[in-house]
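Summary of structural features
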Amino acid sequence: MWFNEYRQLIASKSSRPDFSKPNVAQDLLNECYDKYCSGDSIRQAADAGDGALYNLRLRIRDFSTVIEANKAMRGGDIGRLMSMWKRWSILSQGMKGLSHYAIHLPRYILILEEYLPKKMAKIFKHSILIPTSRRENHWVAKDLYLEVQNFWIKYFYNHSVSM
Amino acid sequence: MYDPNIIMFKMMSASDNSATGIGQLIEQVMKQLGVEVFDFGEWLQVVEGDLGTNMNFQGAARKRYPAGHVHEGLGNVSYGLATSHTMWNIASAIVRTYLGDVGNSNDPGISRCATSLGINPTHLFDKSDFGFLMSTVHKIQMATFNFLLKYIFISFQLSPKS
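Residues numbered from 1 in each chain as written. Chains lettered and ligands numbered in written order. Predicted model: local features only at pLDDT ≥ 70, side-chain atom pairs only at ≥ 80, totals over all residues. Heavy atoms only, no water.

**Points about the interface of chain B and chain A**
The interface of chain B with chain A comprises 42 residues on the first partner and 58 residues on the second. With both sides pooled, the region where chain B packs onto chain A buries about 4,900 Å², and carbon together with sulfur makes up 76% of that total. Of all residues in chain B, B:Tyr79, B:Tyr98 and B:Tyr151 bury the most surface against chain A, accounting for 15% of the area lost on that side. Connecting chain B to chain A are 0 salt bridges. Scanning the region where chain B abuts chain A turns up 11 residue pairs in polar contact (both at pLDDT 80 or more). Those elements giving two or more residues to the side of chain B that touches chain A turn out to be helix H4 (74-77), helix H5 (83-98) and helix H7 (130-158) of chain B. For the side of chain B that touches chain A, the leading source of residues is H7(B), giving 19 residues. When its residues are assigned to classes, the side of chain B that touches chain A shows 28 nonpolar, 12 polar and 2 charged. (Contact = heavy atoms within 4.5 Å. Buried area = accessible area lost by both parts, 1.4 Å probe. Salt bridge = Lys/Arg side-chain N within 4 Å of Asp/Glu carboxyl O. Polar contact = N/O pair within 3.5 Å; in protein donor to acceptor, adjacent residues only side chain to side chain. Helix = DSSP H or I, 4+ residues; strand = E, 2+ residues; numbered from the N terminus. Nonpolar A, V, L, I, M, F, W, Y, C, P; charged D, E, K, R; others polar.)

**Some words on the layout of surface pockets**
All names here are of chain B. By volume, the second largest pocket amounts to about 360 Å³. Taken together, 14 residues make up the lining of the second largest pocket; nearest its centre are Leu44, Phe57, Ala61, Arg64 and Tyr65. When contributions to the lining of the second largest pocket are tallied by element, the ones reaching two or more residues are helix H2 (37-43) and helix H3 (52-62). Ranked by the residues each element gives to the lining of the second largest pocket, the list is headed by H3, at 5 residues. Here the residues of the lining of the second largest pocket are counted per class, giving 8 nonpolar, 3 polar and 3 charged. (1 Å grid on protein atoms, 1.4 Å probe; cavity = no way out; pocket = protein on both sides within 12 Å on 5 of 7 lines; lining within 4 Å. Points joined across faces, edges and corners; volume = space filled by probe spheres on them.)

The structure is reproduced here in structure tokens:
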């Protein structure tokens, strides 16, 4: 098992990266990407029939979409968010508990990219995320902002002196 | 003050209340204005008239305006998904898919990884903490990459590639 091999290596070698050699860090990252993140590696794991390894690679891929979408939303980058939505609209077709999104997410993408006139679609797209403060990477979606406002309404109501 | 721009036309012929007649009249007006058919048609407003031509024209002109029917209105055909809720639900579904068996320590799902990071995996699906779910996904991914990079580095050291 690869995991046992790893444990033995940890035990036998005192392992600190030797960054004095040129491009060691870059090689390491490239190797990691090719081995665990690339589309080829996912296909290879599927062919090899190693279920755990295949699931690990799928997990890395799917978790990455969540992280990318989160970062895109914080950065106010609707284009990156839309490309993640496109992945999710395919993903949601086969996943449990996403039956509503399986229908409405692809429809939403089609409305924004095909149905609406281009300029109107631009207004729609660019009003999905709003900056509520002047800080960088602090954009919020409208519904999140609504929930936050809602929280404060409840907070003030519950902490106010009753008449 | 707004100065109204009024032009008087020479009206030598009057319409005899037929389609040909109104056509001749319109052609004369166009000649005097010096505009093309397309531009004229775009800006012409028929105030009154009961000829078939006029009705046809008004029918075509009305198509330029948004539909009055509720069924075809923009509000009825387009909608906006709640963006953060979309991400929350989909991220939650993804995490649930890869969760694995919480009770089984040999299960390769993320539950053991989460527990090692000090996160109780059963708390991930409490319907109240969006930020917790996001930071957990981030932490698990970072822990995985940390592990993989270390593993690859050790195999690099054992068999260095030139």
